[in-house]
Amino acid sequence: MPAQIIDGKAEAQKIYADLPARVNAFRERNGRPPGLAVVWVGEDPASQVYVRNKRKKSEELGLASFKHDLPATTSEDEVLTLIERLNQDPAVDGILVQMPLPPQVSEEKIVHAISLDKDVDGFHPENRGRLFSGRPRFVPCTPAGIMTLLQSTGVALRGKKAVVVGRSLLVGKPVAMLLLQDNATVTMCHSRTENLDAECRAADILVVAVGKKSCVLGDWIKPGAVVIDVGINRDESGLCGDVAFEQARERAAFITPVPGGVGPMTIAMLMVNTLKAAEAREEINRS
Ligand code: GUN
């Protein structure tokens, strides 16, 4: 029997169902909506689509959306000055700087400059450290979305072998921490891993976040596995993930499609983190 498709759009809708009431209640208590600043530096076409979708969704939910589009030639100091202004702005609860940044702007310096309580991406080194120690404040949006999709399958992670392919700071490393937190036995694979096919074949839970079409082949999937495909690649027929979907689907028990799997969840989790940031700042201001 082919795998059940994990419907990221439907799961995201379940999350959105609770948000308008929280947004309205916040607005009534504070006389302003929660605010999200989305900063985009440069011209990366994929980033443009992601940034547009994030802004669109925040406006749909009634958040205040602060738009900052900077040219690819912007200096690191100029980005840092903007971040400092957003840190000080009481109407801004969350700050997201879309990655990747142009080469003259250090991603590490930028994420370090974002106020801890506005770091809705969870990329500040302290927030990354908290995730590592099992006490996260803001969980990065894509890893948080992946965990919600895994939960939606009803498959218990405890004691299962989870294999993460890709060791990025955005997805691979944080999702490995979250899987570990849920008591999976986690293996991290990357471009230098030997016998990647054998590692994948042993996985009860397989998370692939590489950014390369057909990086994982269909016959590498353990029968009955849960497959989460984080890749978004463009080919002649449109968007595709990192996993050879049609073949993998014949073996897996559950699999995410691309598009319509992880992508919608990333945005939903960003909205949740923004509301969380707004409500937490409200608490601090009250006390
Ligand atoms: N680029 C790709 N994914 C992300 C993300 O989740 N947040 C940011 N800021 N940039 C990204």
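Residues numbered from 1 in each chain as written. Predicted model: local features only at pLDDT ≥ 70, side-chain atom pairs only at ≥ 80, totals over all residues. Heavy atoms only, no water.

Q: Before we move on, can you summarise the site of the ligand with the specific residues and values?
A: All residues adjacent to the ligand are K54, L96, V97, Q98, M99, D121, F123 and L170. M99 has a polar backbone atom sitting 2.9 Å from a nitrogen atom of the ligand. One nitrogen or oxygen atom from the side chain of D121 is found 2.6 Å from a nitrogen atom belonging to the ligand. Contact with the protein chains covers 85% of the free accessible surface of the ligand, which is 280 Å². Within the shell around the ligand, the residues separate by chemical class into five nonpolar, one polar and two charged. (Near = heavy atom within 4 Å. Polar contact = N/O pair within 3.5 Å; in protein donor to acceptor, adjacent residues only side chain to side chain. Areas by Shrake-Rupley, 256 points an atom, 1.4 Å probe, with all protein chains shown as cover. Nonpolar A, V, L, I, M, F, W, Y, C, P; charged D, E, K, R; others polar.)

Q: Go over the sheet that holds strand β2 (residues 35–41), please, and point to the residues and values.
A: Taken together, the three strands give an open sheet; going across it, the order is β3-β2-β4, and neighbouring strands pair in parallel fashion. In this open sheet, the two edge strands, each paired with only one partner strand, are β3 (64–70) and β4 (94–97). In this sheet, neighbouring strand axes are inclined to one another by 15° on average, regardless of whether the strands run parallel or antiparallel. Where β2 lies against β3, seven bridges are found, and the strand directions are parallel. Looking at the pairing, L36 lines up with S65 of β3. Helix α3 (residues 45–60) rests against β2, β3 and β4 of the sheet, and its axis sits at about 165° to β2. (Pairing = 2+ DSSP bridges. Helix = DSSP H or I, 4+ residues; strand = E, 2+ residues; numbered from the N terminus. Axes fitted to C-alpha atoms, helices over the stretch in contact; angles between N-to-C directions. Contact = heavy atoms within 4.5 Å.)

Q: Now, about the side chain of H124: what can you tell me, with residues and values included?
A: Tracing the chain through its elements places H124 in the loop between α5 (107–113) and α6 (125–132). According to the relative accessible area criterion, H124 is buried, its value standing at 9%. Once residues within four sequence positions are removed from consideration, H124 is found in contact with V111, H112, I114, L116 and D119. (Buried < 20%, exposed > 50% of the residue type's maximum accessible area, 1.4 Å probe, protein only.)

Q: Help me get a handle on the environment of L157, residues and values and all.
A: Following the sequence through the fold, L157 ends up in the loop between α7 (141–153) and β5 (161–165). Taking C-alpha positions, L157 is 7.5 Å from L179, a pair spaced 22 residues apart along the chain. The residues touching L157, leaving out its near neighbours within four places in the chain, are M147, L150, L179, D182, N183, A184 and I205.

Q: Which residues make up the packing of aromatic side chains, and what values go with them?
A: Considering all chains together, one arrives at zero aromatic pairs under this definition. Across the ring face of Y16, the terminal group of K57 is positioned such that the distance to the ring centre comes to 4.2 Å. (Phe/Tyr/Trp six-rings, centres within 6.5 Å; stacked < 30°, edge-to-face > 60°. Lys NZ or Arg CZ within 6 Å of the ring centre and 35° of its normal.)

Q: If you had to explain the sheet that holds strand β11 (residues 254–255) to someone new, which residues and values would you point to?
A: Strand order in the open sheet formed by six strands is β1-β11-β8-β7-β5-β6, with parallel pairing between adjacent strands. Each end of this open sheet is capped by a strand with a single partner; those strands are β1 (4–5) and β6 (185–189). Across four bridges, strand β7 (residues 205–208) lies against strand β8 (residues 226–229) in parallel orientation. By the bridge assignment for β8, I205 is matched with V226. Contacts from α7 reach β7, β8 and β11 within the one sheet, and its direction differs from that of β8 by about 155°.

Q: Which residues make up helix α4 (residues 76–88), and what values go with them?
A: One turn of an α-helix holds 3.6 residues; hence residues three or four places apart share an orientation. End to end, α4 covers 19 Å across 13 residues, agreeing with the expected 18 Å (1.5 Å per residue, within 8%). E76, V79, L82, I83, L86 and N87 are the residues of α4 that are buried. Burial along α4 is one-sided: seen end-on, the buried residues are contained in an arc of 140°. Turned more than 90 degrees from where α4 packs its buried face, D77, T81, R85 and Q88 sit exposed. (Expected span 1.5 Å × (residues − 1). Arc of directions from axis to C-beta.)

Q: So what's going on with the pairing of β2? Which residues, and what values?
A: Side-chain positions along a regular strand alternate between the two faces of the sheet. β2 sits mainly inside the fold: seven of its seven residues count as buried. Every second residue of β2 is oriented toward a common face, with G35, A37, V39 and V41 on one face and L36, V38 and W40 on the other, all of them buried. The parallel pair β2 and β3 is bridged by α3, and the resulting crossover is right-handed. Direction of pairing for β2 relative to β4: parallel, over a ladder of four bridges. Within β4, the residue paired with V39 across the bridge is V97. (Right-handed = clockwise from strand over helix to strand, strands pointing away.)

Q: Outline the layout of surface pockets, listing residues and values.
A: The gaps left among the atoms become clear once a water-sized probe is rolled over them. Here the second largest pocket defines a volume of roughly 180 Å³. Around the second largest pocket sit 13 residues that line it, and R128, F132, L169, K173 and P174 are the ones nearest its centre. Of all the secondary structure elements, the ones that give two or more residues to the lining of the second largest pocket are α6 and α8 (172–181). Looking at the lining of the second largest pocket, the element that brings in the most residues is α6, giving four residues. Looking at the lining of the second largest pocket, its residues break down into nine nonpolar, two polar and two charged. (1 Å grid on protein atoms, 1.4 Å probe; cavity = no way out; pocket = protein on both sides within 12 Å on 5 of 7 lines; lining within 4 Å. Points joined across faces, edges and corners; volume = space filled by probe spheres on them.)

Q: I'd like a description of the environment of R249, backed by residues and values.
A: Here R249 is to be found in helix α10 (residues 245–249). As a C-alpha pair, R249 and D219 span 30 residues in sequence and 9.9 Å in three-dimensional space. Look past the residues within four positions of R249 in its chain and what remains in contact with it is P2, A3, I5 and I255.

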